[in-house]
Amino acid sequence: MMGEVEDNHETRGVNASKGYLQRTLQATLTIWLSLVVVIIAAFGLSESLRVAGVEGDANLLITFIVALGLILLALWLLPRSFLTL
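Quick summary incoming for the structure in this document. Keep in mind that this is a model prediction, so the values were computed, not measured.

**Re the overall build of the chain**
Part 1 of the argument: A tally of helices and strands in the chain yields 3 helices and 0 strands.
Part 2 of the argument: Walking the chain from its N terminus toward its C terminus, one meets helices and strands in the order α-α-α.
Part 3 of the argument: At a minimum sequence separation of 6, the contacts of the chain that also span at least 24 residues come to 63%.
Part 4 of the argument: Just so you have it, the chain exposes about 6,800 Å², and 71% of that area is on carbon and sulfur atoms.

**Some points on a nonpolar patch on the surface**
Part 1 of the argument: A contiguous nonpolar surface patch, about 890 Å² in accessible area, is contributed by Trp32, Leu35, Leu61, Phe64, Ile65, Leu68, Ile71, Leu72 and Leu75.
Part 2 of the argument: Contributing elements (two or more residues each) for the nonpolar patch: α1 (2-52) and α2 (56-77).
Part 3 of the argument: Considering every element that reaches the nonpolar patch, the biggest residue donor is α2, with 7 residues.

**Things to note about the side chain of Asn59**
Part 1 of the argument: One can find Asn59 in helix α2.
Part 2 of the argument: Given the relative accessible area of 8%, Asn59 is considered buried.
Part 3 of the argument: When near neighbours in sequence (up to four residues on either side) are disregarded, Asn59 contacts Ser46, Leu49, Arg50 and Val54.

**Some thoughts on the environment of Ala42**
Part 1 of the argument: As for its placement among the helices and strands, Ala42 is situated in helix α1.
Part 2 of the argument: Spatially, the C-alpha atom of Ala42 lies 5.9 Å from that of Thr63, the residues being 21 residues apart in sequence.
Part 3 of the argument: Among all residues touching Ala42, those that are not within four sequence positions of it are Thr63 and Ala67.

**Re the environment of Ile31**
Part 1 of the argument: Residue placement: Ile31 occurs in helix α1.
Part 2 of the argument: On a C-alpha basis, the gap between Ile31 and Leu78 in space is 8.2 Å, while along the polypeptide they are 47 residues apart.

Basis of the calculations
Residues numbered from 1 in each chain as written. Predicted model: local features only at pLDDT ≥ 70, side-chain atom pairs only at ≥ 80, totals over all residues. Heavy atoms only, no water. Helix = DSSP H or I, 4+ residues; strand = E, 2+ residues; numbered from the N terminus. Contact = heavy atoms within 4.5 Å. Areas by Shrake-Rupley, 256 points an atom, 1.4 Å probe, with all protein chains shown as cover. Patch = residues over 30% accessible without salt bridge, like charges linked within 9 Å, V, L, I, M, F, W, Y side chains within 5 Å. Salt bridge = Lys/Arg side-chain N within 4 Å of Asp/Glu carboxyl O. Buried < 20%, exposed > 50% of the residue type's maximum accessible area, 1.4 Å probe, protein only.

Here it is, written out as structure tokens:
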């Protein structure tokens, strides 16, 4: 009977660490995916501005400000549990 109780405690510890590892990997992948989407959007905006004839300095400034806004929006939309693991 005691052996069964010890096995349950050990199993719970393994399951808890697997759960934490899975949540950590999911959060990491979600954050990386968000950053990739922001980078692609910033590159697309930069190229669109370049084709439209906007000067290089203004193009860079506009792209930087929009990318910063998209990063802040992505961080705001992510669940708090992903950021506080």
